[in-house]
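An overview of the molecular structure
Below, each chain spelled out in residue letters.
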Amino acid sequence: MDEREEFIADVLLKDGDKLMIPGLTQEVTILGEVQHSTSHLFQDGRGVQEYIDRSGGTTYRADEDRIYVVRANGAVVPSHSADWFGDNLEVRPGDTIVVPLDAERMKTLTLWTNISQIIYQIGIAAASWNAV
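Residues numbered from 1 in each chain as written. Predicted model: local features only at pLDDT ≥ 70, side-chain atom pairs only at ≥ 80, totals over all residues. Heavy atoms only, no water.

When you line up the elements, D95 lands in the loop between β4 (76–78) and β5 (96–99). Reaching out from D95, the side chain makes a polar contact with the side chain of R71 at a distance of 2.4 Å. One polar contact links the side chain of D95 to the main-chain amide nitrogen of A72, over a distance of 3.5 Å. (Helix = DSSP H or I, 4+ residues; strand = E, 2+ residues; numbered from the N terminus. Polar contact = N/O pair within 3.5 Å; in protein donor to acceptor, adjacent residues only side chain to side chain.)

This is the structure in structure tokens:
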């Protein structure tokens with residue numbers, strides 16, 4: 001399905017129902033692993049990365065390969081779906097840009113702790129093997 005495809009649906013109204021049409025949204029919101037999560041006024045022609053840069057850029061824990069945009073209509077679009085390089089996705093008023101946490105990233109201290117434990121256990125195994 002093309003992310004630009006518009007959904008059209010018939011809405012059934014009953015007596016007493018009120019149909020509220022919200023005003024034009026003028027902001028783009030940036031959430032997640034950025035230096036300052038906030039909303040910026042929409043400016044035509046700006047891409048995903050430009051809005052992220054306006055929020056101070058990503059944190060060291062950001063998963064930059066999985067950034068996505070939640071459209072005002074609820075559609076979710078990966079930011080890399082626009083073109084080969086992934087930086088020309090059209091941002092629209094009311095969109096929310098989400099920079100997720102890189103859950104697969106291990107902290108350096110945890111990594112070296114695990115490595116030292118493995119080396120220690122190999123040393124113990126080798127010493128016990130020599131003792132037999």
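Here we take up the nonpolar core. Judged by nonpolar contacts, the single largest core of 14 residues is most densely connected at V48, I52 and I97. Elements with a contribution of two residues or more to this core: β1 (27–32), α1 (48–54) and β5. Top element by residues in this core is α1. It accounts for 3 residues. Those residues in contact with V48 that lie beyond four places of it in its chain are I67, V69, S79, L89, V91 and I97. (Core = buried A, V, L, I, M, F, W, Y, C linked by side-chain atoms within 4.5 Å. Buried < 20%, exposed > 50% of the residue type's maximum accessible area, 1.4 Å probe, protein only. Contact = heavy atoms within 4.5 Å.)

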